[in-house]
Amino acid sequence: MATQGTVRSESTEAYVPMTEDVVHIQGYLHKRTKDMRWQKRWFETNGCFLTYYKSRKMTKLLAALNLPQVGEITLLPENADDPDNDGTLFTIELKSRIYTLKAPSRKNAEKWVEILNQLKTSGTVEISSSETTRVPTATLDERTEWKKNACFGCVWCC
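Residues numbered from 1 in each chain as written. Predicted model: local features only at pLDDT ≥ 70, side-chain atom pairs only at ≥ 80, totals over all residues. Heavy atoms only, no water.

**Structural notes on the environment of Ala103**
Point 1. In this structure, Ala103 sits in the loop between strand E7 (97-102) and helix H1 (106-122).
Point 2. We classify Ala103 as buried; its relative accessible area is 6%.
Point 3. Note: C-alpha distance between Ala103 and Lys31 (72 residues apart in sequence) is 9.2 Å.
Point 4. Once you skip the residues sitting within four places of it in the chain, Ala103 turns out to touch Leu29, Thr88, Phe90, Asn108 and Ala109. (Helix = DSSP H or I, 4+ residues; strand = E, 2+ residues; numbered from the N terminus. Buried < 20%, exposed > 50% of the residue type's maximum accessible area, 1.4 Å probe, protein only. Contact = heavy atoms within 4.5 Å.)

Written as C-alpha cells, this is what we have:
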C-alpha cells in the first residue's frame with residue numbers, strides 16, 4: 001500500500017518542490033530473488049525508507065526498508081568468477097536477509113550506495129537549492145534520478 005498523500009510522478013525529470021529539502025533517488029534496479037533469479041523493480045526513497053514496486057506505474061508497495069535500521073549497504077567488487085557481478089552489484093543487509101541489487105552501470109551503483117548510506121546515517125540529507133544530480137544510463141527506462149523531495153515524517157529521521 002502506498003503512503004497516503006504520496007504522488008509518484010510520471011515525469012523522468014528532476015524537480016525542486018517548495019518544501020523541506022531531502023535527497024531522493026529513484027530508478028529501476030534488478031533484485032536477486034532467493035532462488036537466484038533477477039526481477040526488475042522500481043526503487044525509490046521516501047524520507048528514510050527505501051521502497052520498491054513491481055514497476056514505476058504500479059501503486060502496490062512490495063516492500064519498504066527503514067534505512068536507519070538496516071545493516072551494511074555495500075558496493076560489491078567486480079568478480080570474474082560470477083557472470084552477474086560486473087561491478088554493478090550492491091547489497092543491503094536486513095537482519096538475516098541480504099538484498100542483492102544490480103544497477104545499470106558501476107557509476108549508477110556507486111551513487112545508489114552513496115545516497116542510501118547517507119540516508120541510513122542521517123535520515124535526511126540537506127542539499128543546496130540548486131543541486132540536482134542525474135546519472136544517465138543506456139535507456140530512459142533504466143535512468144536513475146536524484147531529486148529533492150519532502151520527507152514523509154517518519155519518526156526515525158525527522
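**As for the pattern of salt bridges**
Point 1. Here the structure, examined in full by the defined rule, presents 5 salt bridges.
Point 2. For Arg32, the salt bridge is made with Asp84, and the minimal N-O distance between the two is 3.3 Å. Here the residue Arg32 occupies a position in strand E1 (residues 23-32), and Asp84 occupies one in the loop between strand E5 (73-75) and strand E6 (89-94), the gap between them amounting to 52 residues.
Point 3. Judged by its relative accessible area of 14%, Arg32 falls in the buried class.
Point 4. By relative accessible area, which is 27% here, Asp84 ends up partly exposed.
Point 5. For Asp86, the salt bridge identified is with Lys102, shortest N-O distance 3.1 Å. Note that Asp86 is positioned in the loop between E5 and E6 and Lys102 in strand E7, a separation of 16 residues in sequence.
Point 6. Note on Asp86: relative accessible area 40%, which makes it partly exposed. (Salt bridge = Lys/Arg side-chain N within 4 Å of Asp/Glu carboxyl O.)

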